[in-house]
Amino acid sequence: MKLVEGVKHFKQAVYPSMLGDFEKLKAGQSPQTLFITCSDSRVVPNLLTQTGPGEIFVIRNAGNIVPLPGSGELSVEATIQYAVDVLKVSEIVVCGHSHCGAVTGLLNLDSLESLPVIRDWVKRSKKVLEKFSCCKTEVPQAIAANVLLQLEHLRQYECVANAMSERELTLHGWVYHFESGEVDFLKEEPADLH
Ligand SMILES: [Zn+2]
């Protein structure tokens, strides 16, 4: 199995050179960033941001979706609360990516008829459909709009709103183009989505 071979290589060839880093991390973690991105295998957060152990706290799901608070998605909500209230991160990045299957599915919900759980999940971002509807050529714009929508959702979390008013916490929207290595750093234009 390729993964087991990888683990062996890590233990023998990589870990020894990072021993000092892991020793320091025994005392605890204090990442500055909560990084929310898609589960897509082509997105590798530590590779993209050139960070190592202890530096970014990560939430991943299909479509890098932040459900509205109170919607019952406790996995995401609890992880955000821990990052903001306990780890006291100073920035949250929502990172979408090119060729995102979740956003492509959102733009063509009929294609997800036989995948009802996925359909219900991506519908957490259905507000994107107010601007983009069922057109493949609109996928890139919808990917960016989906990221901005998640920033809107984040601001509705009490812990995020409190931290933004009481201390330094900033929100950032990115779109990563894995085929070129470029990242679009989005400017927030929430009004666009209304
Ligand atoms: Zn994706």
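Residues numbered from 1 in each chain as written. Predicted model: local features only at pLDDT ≥ 70, side-chain atom pairs only at ≥ 80, totals over all residues.

(A) Representation of the overall build of the protein in the model. The helix and strand inventory of the protein stands at seven helices and five strands. The secondary structure elements of the protein, listed N-terminal to C-terminal, are α-β-α-β-α-β-α-α-α-α-β-β. The principal-axis extents of the C-alpha atoms in the protein amount to approximately 50 × 45 × 30 Å. Buried residues in the protein amount to 27% of all 194 residues. (Helix = DSSP H or I, 4+ residues; strand = E, 2+ residues; numbered from the N terminus. Buried ≥ 20, exposed ≤ 12 C-beta atoms within 10 Å, placed from the backbone.)

(B) Seen up close, the environment of V58. As for its placement among the helices and strands, V58 is situated in strand β2 (residues 56-61). Beyond its immediate sequence surroundings of up to four residues, V58 is in contact with F35 and P45. (Contact = placed C-beta atoms within 7 Å.)

(C) Seen up close, helix α1 (residues 2-25). Compared with the 34 Å implied by 1.5 Å per residue over 24 residues, the 28 Å span of α1 between its first and last C-alpha is markedly short. Along its length, α1 reaches its greatest deviation from straightness, about 70°, at Y15, and the proline P16 lies no more than four positions downstream. Among the 24 residues that make up α1, zero are buried, leaving the element largely open to the surroundings. (Expected span 1.5 Å × (residues − 1). Bend = angle between axes of the 7 residues up to and from the residue.)

(D) Inspection of the domain arrangement of the protein at higher detail. Split into domains, the protein comes out as domain 1 (1-29) and domain 2 (31-193). Of note, the centres of domain 1 and domain 2, computed from C-alpha atoms alone, are 29 Å apart. Each partner contributes residues to the interface: domain 1 has four residues there, and domain 2 has four residues. (Domains from an automatic or database assignment.)

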